[in-house]
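A closer look at the structure
Residue strings, one per chain:
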Amino acid sequence: MQRTFIEWQAKAATLTVDGRAFIDGALRDAQSGRTFSCASPIDGRILAEVADCGAADVDAAVAAARRAFEARTWCGMSPRARKAILLRWAALIRERRDELALLETLDVGKPISDTTAIDVPATAHCIEWYAEAIDKVVGEVVPADPHLVGLVTREPVGVVAAVVPWNFPLLMAAWKFAPALAVGNSVVLKPSEKSPMTAIRVAELAREAGLPSGVFNVVPGGAEPGRLLAQHADVDCIAFTGSTHTGRQIMTHAAQSNLKRAWLELGGKSPNIVLPCCADLERAARTAAEAIFFNMGEVCTAGSRLLVHRDVKDEVVANLIAAARAFAPGHPLDPAVRMGPIVDRAQFERVMGFIDTGRREGRVLTGGSRVREETGGFYIEPTVFEVNADATVARDEIFGPVLSVIEFGDIDEAVSLANDTEYGLAAAVWSDDLTTAHRVAARLRAGTVWVNGYGDGSDDMNFPFGGYKQSGNGRDKSLHALEKYSELKSTVIRLC
Ligand code: NAD
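Residues numbered from 1 in each chain as written. Predicted model: local features only at pLDDT ≥ 70, side-chain atom pairs only at ≥ 80, totals over all residues. Heavy atoms only, no water.

A short note on the packing of helix H1 (residues 5-13) against helix H4 (residues 97-108)
Which entries qualify depends on this criterion: Axes here refer to lines fitted to C-alpha atoms; in helices the fit is confined to the stretch in contact. Angles between the N-to-C directions go from 0 to 180 degrees. In this description a helix means any DSSP run of H or I spanning at least four residues, a strand means any run of E spanning at least two, and both kinds are numbered starting from the N terminus. Roughly parallel covers angles under 35 degrees, roughly antiparallel covers those over 145, roughly perpendicular covers 65 to 115, and oblique covers all other angles. Residue contacts are counted whenever heavy atoms from the two residues lie within 4.5 Å of one another. Note on residue classes: Ala, Val, Leu, Ile, Met, Phe, Trp, Tyr, Cys and Pro are nonpolar, Asp, Glu, Lys and Arg are charged, and everything else, Gly too, is polar.
Where H1 contacts H4, the axes come no closer than 11 Å and their chain directions differ by 85°. One element, H1, and the other, H4, form an angle in the roughly perpendicular class. Together, Trp 8, Lys 11 and Ala 12 of H1 and Asp 98, Glu 99, Leu 102 and Leu 106 of H4 make up the contact between the two elements. A class-by-class count of the residues in the contact of H1 with H4 yields four nonpolar, no polar and three charged.

Brief notes about the domain arrangement of the chain
Interface size is often expressed as the accessible area that is lost when the parts come together. What counts is decided by this rule: Boundaries between domains were set according to an automatic or database domain assignment. A 1.4 Å probe defines the accessible area here, and the buried area is the portion of it lost by two parts on being joined, summed over both.
Here the chain is described as being made up of domain 1 (5-266) and domain 2 (271-461). One C-alpha centre belongs to domain 1, the other to domain 2, and the line joining them spans 30 Å. On the domain 2 side, the residues contacting the 30 residues of domain 1 number 31 residues. Taking both sides of the interface into account, the surface hidden between domain 1 and domain 2 amounts to around 2500 Å²; carbon and sulfur atoms contribute 66%. For the domain 1 face of the interface with domain 2, the top three residues by lost area are Phe 5, Ile 42 and Trp 166, together amounting to 24%.

Side note on the sheet that holds strand E6 (residues 148-156)
Within a sheet, each strand pairs with its neighbour through backbone hydrogen bonds, oriented either parallel or antiparallel. How we decide: The criterion for strand pairing is that DSSP finds at least two bridges linking the strands in question.
Ordered in space as E5-E6-E21, the three strands form an open sheet in which the pairing is antiparallel. Looking at strand neighbours, the two that pair on one side only are strand E5 (140-142) and strand E21 (486-494), the edges of this open sheet. Taken over all neighbouring pairs, the strand axes of this sheet differ in orientation by 25° on average, direction set aside.

Section: the packing of helix H14 (residues 411-419) against helix H15 (residues 434-443)
This is how it is decided: Crossings are assigned a handedness: left-handed for a near helix turned anticlockwise from the far helix by less than a right angle, right-handed for a clockwise turn.
The contact between H14 and H15 brings their axes to 10 Å, and the two run at 35°. Of the two elements, H14 crosses H15, and the hand of that crossing is right-handed. Contacts from Ile 411, Asp 412, Val 415 and Asn 419 of H14 reach H15 at Thr 436, Val 440 and Arg 443. Looking at the contact of H14 with H15, its residues break down into three nonpolar, two polar and two charged.

Points about the layout of surface pockets
What counts here: A cavity here means a set of 1 Å grid points, computed over protein atoms only, where a 1.4 Å probe fits but cannot escape. A pocket is an open set with protein on both sides within 12 Å along at least 5 of 7 lines, and lining residues have an atom within 4 Å of a point. Grid points are joined across faces, edges and corners, and a volume is the space filled by probe spheres set on the points.
Here the largest pocket is characterised by a volume of approximately 860 Å³. In terms of lining residues, the largest pocket is bounded by 33 residues, among which Ile 118, Phe 294, Tyr 454, Gly 455 and Ser 458 are the most central. Of all the secondary-structure elements, those providing two or more residues to the lining of the largest pocket are helix H5 (112-134), helix H6 (169-183) and helix H10 (281-293). Of the residues assigned to the lining of the largest pocket, the class counts are 18 nonpolar, eight polar and seven charged. Both domain 1 (5-266) and domain 2 (271-461) contribute no fewer than three residues apiece to the lining of the largest pocket. Estimates place the volume of the second largest pocket at around 740 Å³.

Topic: the pattern of salt bridges
Filter applied, for reference: The salt bridge definition used is simple: a Lys or Arg side-chain nitrogen within 4 Å of an Asp or Glu carboxyl oxygen. Exposure categories follow from relative accessible area, calculated using a 1.4 Å probe and restricted to protein chains: below 20% of the type maximum is buried, above 50% is exposed, and the middle band is partly exposed.
As enumerated under the stated definition, the model contains 34 salt bridges in all. The salt bridge involving Glu 155 is made with Lys 489; its shortest N-O contact spans 3.2 Å. Taken together, the positions of Glu 155 in strand E6 and Lys 489 in strand E21 put the pair 334 residues apart, joining distant regions of the chain. The class of Glu 155 is partly exposed, set by a relative accessible area of 28%.

Considerations on the site of the ligand
Threshold: Think of it this way: one heavy atom of a residue within 4 Å of a molecule or strand is enough to make that residue near it. Polar contacts, as used here, are pairs of N or O atoms within 3.5 Å; protein pairs need one atom able to donate a hydrogen and one able to accept it. Residues neighboring in sequence count only if both atoms are side-chain atoms. Exposure was quantified through the Shrake-Rupley algorithm and a 1.4 Å probe, taking into account, for residues, occlusion by the shown protein chains and nothing else. Whether a molecule sits in a cavity or pocket is decided by its atoms, more than half of which must lie within 2 Å of the grid points.
If you check the shell around the ligand, you find 29 residues, and the closest are Lys 190, Glu 193, Ser 243, Leu 266 and Glu 397. Between the ligand and the protein, one listed contact pairs an oxygen atom with a side-chain N or O atom of Trp 166 at 3.0 Å. In the environment of the ligand, an oxygen atom lies 2.7 Å from a nitrogen or oxygen atom belonging to the side chain of Ser 243. Relative to its free-state accessible area of 840 Å², the ligand is covered by the protein chains to the extent of 90%. In this structure, the ligand is accommodated by the second largest pocket. Residue assignment for the shell around the ligand shows that the elements contributing at least two residues are helix H8 (223-231), strand E10 (237-241) and helix H9 (244-256). Two domains each put at least three residues into the shell around the ligand: domain 1 (5-266) and domain 2 (271-461).

And the structure:
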């Protein structure tokens with residue numbers, strides 16, 4: 001059932017939120033008693049006081065995860081039983097779609113039309129997809145010498161810590177915990193301090209679904225519990241999604257503690273290339289607007305650099321500006337709204353700082369201002385600059401609704417501009433000549449390349465997701481993600 005704006009507002013007014021950590025199967029306050037306030041970026045309303053976890057809580061969560069792992073309460077269960085529990089969990093998430101979507105929207109300002117249609121169902125789908133893999137991914141029998149039987153089996157690494165950002169709070173978490181749990185690990189999840197709500201709620205649903213105590217724990221808080229997990233001697237693997245700056249610290253902590261595996265999904269500055277051999281420039285421009293303005297531009301794969309051939313630039317820009325109007329910011333509980341507020345004041349000020357820089361570096365084609373200030377929310381107009389490729393706004397990840405348009409003259413220049421970045425998360429190329437498109441795609445140094453689209457297949461779990469260069473290592477999604485959370489064991493049996 002689709003609710004109206006008024007119905008969503010009424011539901012929001014009566015929502016109660018539990019901000020406690022979830023450790024060893026129970027909701028708990030931080031042992032220090034400390035909390036932090038979780039405010040909505042829509043109007044500044046305090047949604048909850050949330051447990052601010054410190055060393056004692058992280059130790060308790062890791063110890064609970066270790067106990068569950070050693071007792072084999074999860075990894076020792078039959079694959080079919082584990083699959084059934086994860087499927088039940090996903091079903092509960094689907095049943096609670098509206099409650100979880102509302103929490104996510106209130107917590108980070110994402111449009112309710114997105115949280116109901118994308119965030120929550122995609123989270124459930126991710127859990128289902130890995131649940132289904134549990135009793136289908138098989139081991140190997142090695143063609144060893146005739147007197148030997150050689151087996152290669154996949155085993156869980158043990159305790160997995162997942163530290164995640166705020167832009168897709170539930171989904172980014174699920175991309176980590178679903179494959180980790182499918183392999184049989186125990187998990188300690190550290191949501192972002194900007195978006196802890198839904199993680200706590202889904203942990204309760206995990207318990208309801210029958211996940212044994214200690215197998216899935218949530219420790220809310222800021223950088224401190226994240227750092228403590230990265231440094232912890234009893235964590236076997238840390239899976240991180242966030243900024244490249246923090247990723248570098250996580251890897252250092254891992255190296256300086258117990259050499260735990262550190263998997264990093266980091267930032268991006270993705271190029272979207274429009275070649276003159278693209279006939280449908282209106283669609284290319286409309287998609288380019290969606291590529292940067294969807295989720296307020298708070299997307300690691302946002303198409304934040306539009307590289308346009310000079311012959312088609314004017315037409316693309318005219319269509320782009322028209323398409324940007326569909327993203328006029330509004331109250332995110334209004335189902336017609338496609339762009340809500342920026343997640344909080346700090347991020348808002350950061351984005352506005354880049355906009356000020358962009359004004360000095362180039363030309364504003366549309367937007368550039370704060371709007372709806374009277375609501376108390378942090379709304380920014382969809383903003384487009386025309387700049388040179390070396391402008392700050394064309395090089396740094398802004399993580400907001402700000403697009404840089406850069407002109408090029410030929411394909412070699414386009415490829416060179418596209419690859420001239422420390423990042424390598426995603427890219428796109430538009431051309432009706434598939435040979436040209438294919439050749440360009442092959443030259444782009446990015447984990448995902450779209451041809452004549454942007455974001456296609458994002459809801460398909462079969463595609464691995466991750467970055468080249470300083471956009472990270474390893475891959476989320478797909479069966480390849482299972483490798484991050486598995487040890488491969490060779491067992492060699494001598495026959496008498
Ligand atoms: P962030 O790096 O500030 O924080 C991410 C998480 O790390 C949060 O939970 C935070 O509390 C924690 N953290 C912060 N400092 C830490 C430290 N020193 N040690 C351990 N943990 C620490 O990133 P953010 O602002 O939450 O998210 C935005 C960034 O995430 C952007 O750069 C974006 O590109 C990236 N991102 C990447 C992907 C991807 O899959 N590649 C997906 C979404 C977001």
